[in-house]
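So the chains spell out like this:
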Amino acid sequence: MSDGQARGDVAVELANVSRWYGNVVAVNDISFRLDGGITGLLGPNGAGKSTILHMVGGFLAPSSGSVTVGGAPAWHRPAMYRRIGLVPEREAVYPFLTGREFAEANARLQGMPPDEAAAAAARAIALVELEDAADRPIGGYSKGMRQRAKVAGALVHDPPILLLDEPFNGMDPRQRLHMMDLLRGMAAEGRTILFSSHILEEVERVAERVLVIVAGRLAASGDFREIRRLMTDRPHTFTIRSSDDRALASALLTDPTIAGAALDGGLLTVRTSDFGAFSRSVPGIARRAGISLHELLPTDESLESVFSYLVRR
Amino acid sequence: MNGVVARITLRQLLSRRRTLLLLLLGGVLVLVAVVFRLAGDQLRALPFTAGLLGTLGIGTLMPLVALLFGTGAIGAEIEDGTALFLLAKPLRRRTVVLTKLAVAAACSAALTCGPMLLAGLISAGGLGDGLVLGMTAAAAIGSLLYCAVFVALSLVTGRALVFGLAYVLIWEGLLAGLFAGTRTFSIRQQTLAIADAIASVRRTVFDAQLDLTTAIVVGVLVLVVATLLAIRRLASYEISGETG
């Protein structure tokens, strides 16, 4: 459905793309192709997600490799913006314009005549549910409303490709769900949507495909379920406090799901490679050994540790 | 020129606080003229007007107004990130730069020439043998030149305001007074040369330090080079500051 597909070109393609700033490598040899559907760029802050989006959006030149949109280079090609809707991460929107004026200005800058621009702006405003505030200056908007105004501006010319940098920032849960539905609906119409997020659950709920970016590298990519499985099945470490840590350690070592147990400074630490089976078997093992469990804590559940596991994998 | 870019730029530049501040600056010029009219030596009306418009008008008001508008036309948008909304459009970068330059120059000229014309008419008690019109018309051209330089500067550095102020104060204010050669590249001196050519007053009243041909040749050169530089810089605009 996209222009790119109509011409037989891939909507977005990165081939061996790197980008560095002086000696700092922000993006390191990344390749992927997108053609329709929603793709989430997932990674911790500073991983290089924005750099990738900016390169696709034509606002950064790759230091090496090629970034193409609809088969032509993204850099130095303003004509490409007829096909792209861009929602930047930075919050600032012209504070003196109303939401409607902003959407209309976007439509006019896309080359629409005034009547058509006004109708397109009204459609976009309705799509993001901003009708009530549409005639108030953006300067008085909440963060979530400003975000929706930005999305309206990006959608106003009905682009086949949408790039969104942290689009759910500042939205309340209801607005977030609505935006997710909106993106899913647009992807179902054949658009290619690429968005970035550092929040696992956001990506999980909306993206069909995930690109995990860690320290500028593509750590994993593919179907979300596959990535989720990798994340769940990675080795987990727990600390346990019980009525008899030493006896519990010996009892646990007989279980096949336990990869190791150690008593370190009076603290029992257990490693497992099967999170699900482990959590099911621990209570039974303790009960059979006549030990009471006081506390069971995962030691390293931060997103960063999940990401770094994916990189080391 | 693009109407939407022009309207947005205009609303951006003419924020209430900035306009009020610049109107106050222009008001000082008019106030000095009124005081002279009421209490000054009316036989010296022409030399006084030449000094007032040349020093306070062309030498102070014009560069300050152009500095604020020129660096604010694109630089402010780039700084706060709103430039992306204009740049992520199928618009030629040339159109964006030329439109913004035209709006910045028009605003600068309006807020410089208006007070200068009024102050000149009051202190000279009329057109003053073309002195008032000459100074005012030259200030419009000077505003354009300054804006071209400051727009380009704002696309070259994030500290355009500081560098612009340094150019006005150090290069034009200090060096151009000490070394004749530096006057060639002083927009203030080019503007005064044009004013001198339009006005038909005696040399004892007002005499520019730069000849007209040099002023025109260098002025056109400055305008073309600064505008081309701005277009080139905007065409290769890269978002700075990696956030994630």
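Thresholds applied
Residues numbered from 1 in each chain as written. Chains lettered and ligands numbered in written order. Predicted model: local features only at pLDDT ≥ 70, side-chain atom pairs only at ≥ 80, totals over all residues. Pairing = 2+ DSSP bridges. Helix = DSSP H or I, 4+ residues; strand = E, 2+ residues; numbered from the N terminus. Axes fitted to C-alpha atoms, helices over the stretch in contact; angles between N-to-C directions. Contact = placed C-beta atoms within 7 Å. Parallel < 35°, antiparallel > 145°, perpendicular 65-115°, else oblique. Left-handed = near helix turned anticlockwise from the far one by under 90°. Nonpolar A, V, L, I, M, F, W, Y, C, P; charged D, E, K, R; others polar. Domains from an automatic or database assignment. Buried ≥ 20, exposed ≤ 12 C-beta atoms within 10 Å, placed from the backbone.

(A) Structural view of the sheet that holds strand S7 (residues 161-165) of chain A. Residues and elements named next belong to chain A. Judged by pairing direction, the sheet is mixed, and its six strands sit side by side in the order S6-S7-S8-S3-S9-S10 without closing on themselves. Each edge of the open sheet carries a strand with a single partner, namely strand S6 (84-87) and strand S10 (217-223). Each adjacent strand pair in this sheet contributes to an overall mean axis angle of 15 degrees, direction not counted. Bridge analysis of strand S9 (residues 209-214) against S10 gives six bridges, and the strand direction is antiparallel. Bridged to Val210 within S10 is Gly222. Across the sheet, helix H5 (residues 143-155) is in contact with S6 and S7; its angle to S6 comes to roughly 165 degrees.

(B) View of the packing of helix H3 (residues 99-109) of chain A against helix H4 (residues 114-127) of chain A. Residues and elements named next belong to chain A. Remark: H3 packs on H4, axes separated minimally by 8 Å, with the N-to-C direction vectors making an angle of 125 degrees. Judged on the interaxial angle alone, H4 and H3 are oblique. The way H3 lies across H4 gives a crossing that is right-handed. Where H3 approaches H4, its residues Gly99, Arg100, Ala103, Glu104, Ala107 and Arg108 are matched on the opposing element by Ala117, Ala118, Ala120, Ala121, Ala124 and Ile125. For the contact of H3 with H4, the per-class residue count stands at eight nonpolar, one polar and three charged.

(C) Seen up close, the domain arrangement of chain A. When the domains of chain A are assigned, the result is domain 1 (3-231) and domain 2 (233-312). When each unit is reduced to the centre of its C-alpha atoms, the spacing between domain 1 of chain A and domain 2 of chain A is 41 Å.

(D) Looking closely at the environment of Thr184(B). Residues and elements named next belong to chain B. Relative to the elements of secondary structure, Thr184 occurs in the loop between helix H8 (160-178) and helix H9 (187-198). The class for Thr184 is partly exposed, based on 15 C-beta atoms found within 10 Å. The spacing of Thr184 and Thr214 is 30 residues in sequence and 7.2 Å in space, taken between C-alpha atoms. Apart from residues lying up to four places away in sequence, Thr184 is in contact with Leu210, Thr214 and Val218.

(E) Here's a closer look at the interface of chain B and chain A. Counting from both sides, the interface comprises 21 residues of chain B and, opposite them, 34 residues of chain A. Of all the elements in the fold, those that place two or more residues in the side of chain B that touches chain A are helix H1 (3-13) and helix H5 (83-87) of chain B. A breakdown of the residues in the side of chain B that touches chain A according to their chemical character gives ten nonpolar, four polar and seven charged.

(F) Molecular detail of helix H2 (residues 49-56) of chain A. Counting buried positions along H2(A) yields eight of eight residues, so the element is predominantly enclosed. Once H2(A) ends, the next one or two residues include Gly58(A), with phi positive near 80 degrees.

(G) The arrangement of the pairing of strand S12 (residues 258-264) of chain A in detail. Residue and element names in this part refer to chain A. Sheet analysis places S12 next to strand S13 (residues 267-272), joined by six bridges and oriented antiparallel. By the bridge assignment, Ala262 is partnered in S13 with Thr269. Counted between consecutive antiparallel strands, the loop separating S12 from S13 contains two residues, among which Gly265 sits at a positive phi close to 60 degrees.

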